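# Structural overview for review
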Amino acid sequence: METGSGDSLPEGLGGAIRETARDIAALLDRDADPGAPVPGLEWTVGETAAHLALANGLMADLAAGRDRPYGDGTPQSLAAANARGLTEFPERGAQPLAAMIVRQAEAFLAAVAETDPTRTLVTPLGPMTKDVLASYLLTHMLGHGWDLARGVGRPHMIDRTRVGLCLPFLKTAMPRVAAAPAGLTARYTLRVPGCEPFGVTFTEGVVEVLPGPPERSGCTIRTEPVTFLLIALGRVGPWQAMARAGVLAWGRKPWLAPRFPALFKAP
C-alpha cells in the first residue's frame, strides 16, 4: 500500500493519480495557448483543461460521498452536463486551471483515504467501489491528458503501468457503455501486455466481462497497452491501430477483432 493521501488504494494507483495530475499541469505552463484547438475535439486547450478541473472536483465530491447528479450515464446526458458545466465555469487560463487540476486530484486522494472500502459510491456511470472510482479518475485524466498533449504539441503521459491501473474501471464500465446489436453472440479474449488476460462475451447482445479467457473464445485480441487505452477511449480507431502494429488478432474468428471497439460507446 502507498503512504500519504490515498494510501488505502491499490498499490500504485494513488501515485499514478497524483503524477498524472502534475504531468497535465506541466503541459499547461505559460507557453500553453488556451485558445489553441485540440485535435479530435470540439474544445480548445482552455476548455479541455476547464473540463478536467471540473471533473476532478466532481470526483473528489463523489469520493467524499456527496450527492452530485451528473447526467444519467448515457453519452448524450454526459455531453450535455459537460457543456453546461463549461458554460457556468468561465475560467480558461492555463495556469489557474493547472493548479485546480492538481488541487482537486489531491482532494480526491484525501477523500478516498477516509472512505469505507465497502461503501458503494454513486457515479455518472453507476455504482462503484472507491478503488474503481479512483481507476475512473485516472482513466479520465489520461484521456484528456492525451488530448492536451496533442493540443500543445508535447509528449503525452500514458504508459503501460498507468494503463494497467485503468483496467478495473474499464472492465466495470464495459457493460454500461455497450452498444452491441441485440442478436450478437461472440466470445473475445483480450490480452494487454503486463496485465492478466480477460474475457468479454456477448450473448444475444448482453455483455459480460470475465476475469479470464472465456471457454471456446472465438477471437483473441492482443493490444499494446497505450493503444488499448486510446481505442477504449475512442481516440484511435481499430484500423488505425492495426496500421501502426498496435493490435494483433487470431483465433477461430479473427475477423471479429475490428468490430470490437464499435460494440461500445465511450461517454
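Please refer to the structure placed before this passage.
This section reports on the structure supplied with the text. (Residues numbered from 1 in each chain as written. Predicted model: local features only at pLDDT ≥ 70, side-chain atom pairs only at ≥ 80, totals over all residues. Heavy atoms only, no water.)

Helix and strand counts for the chain come out as 8 helices and 7 strands. Taken against the 2.2 N^0.38 rule, which gives 18 Å for 267 residues, the C-alpha radius of gyration of the chain at 18 Å falls within 12% of a compact globule. The burial tally for the chain puts 51% of its 267 residues in the buried class. A separation threshold of at least 6 residues defines the contact pool for the chain, and within that pool the share at least 24 residues apart is 70%. Total accessible area on the chain stands at roughly 12300 Å², and carbon and sulfur atoms take up 54% of it. Positive and negative charge centroids in the chain, built from 26 and 26 side chains respectively, lie 7 Å apart. (Helix = DSSP H or I, 4+ residues; strand = E, 2+ residues; numbered from the N terminus. Rg over C-alpha atoms; globule rule 2.2 N^0.38 Å. Buried < 20%, exposed > 50% of the residue type's maximum accessible area, 1.4 Å probe, protein only. Contact = heavy atoms within 4.5 Å. Areas by Shrake-Rupley, 256 points an atom, 1.4 Å probe, with all protein chains shown as cover. Lys, Arg positive; Asp, Glu negative; His and termini not counted. Charge placed at Lys NZ, Arg CZ, Asp CG, Glu CD.)

Among the 6 residues in strand β4 (residues 198–203), 5 count as buried, and that is most of the element. Taken together, the 5 bridges between strand β3 (residues 186–191) and β4 define a ladder with antiparallel strand orientation. Bridging from a neighbouring strand, Thr189 pairs with Gly199 of β4. Between the antiparallel neighbours β3 and β4 lie 6 residues, among them Gly194 with a positive phi of about 95°. A loop of 2 residues connects β4 with strand β5 (residues 206–210), the two strands running antiparallel in sequence, and Glu204 in this loop sits at a positive phi of about 50°. (Pairing = 2+ DSSP bridges.)

With respect to topology, 5 strands assemble into an open sheet ordered β5-β4-β3-β6-β7, the strand pairing being mixed. Edge strands, defined here as strands with exactly one partner in the open sheet, are β5 and β7 (247–250). Between one strand axis and the next, the sheet turns through 20° on average, direction left out of account. Pairing between β3 and strand β6 (residues 219–223): 4 bridges, direction parallel. Directly across from Leu190, in β6, lies its bridge partner Ile221. Its contacts with the sheet put helix α7 (residues 225–232) on β3, β4, β6 and β7, and the angle it makes with β6 is roughly 110°. (Axes fitted to C-alpha atoms, helices over the stretch in contact; angles between N-to-C directions.)

On to the packing of helix α2 (residues 45–63) against helix α3 (residues 75–88). Orientation of α2 relative to α3, taken along the N-to-C sense of each, is 105°, at an axis distance of 10 Å. With respect to each other, α2 and α3 are oriented roughly perpendicular. Across from Glu47, Ala50, His51 and Leu54 in α2, the residues of α3 making contact are Asn82, Gly85 and Leu86. By residue class, the composition of the contact of α2 with α3 is 3 nonpolar, 3 polar and 1 charged. (Parallel < 35°, antiparallel > 145°, perpendicular 65-115°, else oblique. Nonpolar A, V, L, I, M, F, W, Y, C, P; charged D, E, K, R; others polar.)

Another aspect to go through is the packing of aromatic side chains. Overall, the coordinates contain 6 aromatic pairs when judged by the stated rule. Ring plane angle 75° and centroid distance 6.5 Å describe the contact between Phe202 and Phe260, whose orientation is recorded as edge-to-face. Residue Phe202 is found in strand β4, and its partner Phe260 is found in the segment after β7; the two are separated by 58 residues along the sequence. Taken individually, Phe202 and Phe260 each receive the classification buried, so the pair is uniform in this respect. (Phe/Tyr/Trp six-rings, centres within 6.5 Å; stacked < 30°, edge-to-face > 60°.)

Counted under the stated rule, the structure contains 0 disulfides. Cys166 provides the cysteine sulfur closest to Cys195, a residue in no disulfide bond, and the two sulfurs are 9.6 Å apart. Cys219 takes part in no disulfide bond, and the closest cysteine sulfur to it belongs to Cys195, at a distance of 18 Å. (Disulfide = S-S within 2.5 Å.)

As a further point, take a positive patch on the surface. Side chains of Arg187, Arg216, Arg252 and Lys253 sit close together on the surface and give a patch of like positive charge. By secondary structure assignment, the location of Lys253 is in the segment after β7. (Patch = residues over 30% accessible without salt bridge, like charges linked within 9 Å, V, L, I, M, F, W, Y side chains within 5 Å. Salt bridge = Lys/Arg side-chain N within 4 Å of Asp/Glu carboxyl O.)

Axis separation between α2 and helix α5 (residues 130–152) bottoms out at 10 Å; the angle between their running directions is 170°. It follows that α2 is roughly antiparallel to α5 by the angle criterion. Each of Val45, Thr48, Ala49, His51, Leu52, Ala55, Asn56, Met59, Leu62 and Ala63 in α2 lies in contact with α5, whose residues at this interface are Leu133, Tyr136, Leu137, His140, Met141, His144, Asp147, Leu148, Gly151 and Val152. Residues belonging to the contact of α2 with α5 are distributed by class as follows: 13 nonpolar, 6 polar and 1 charged.

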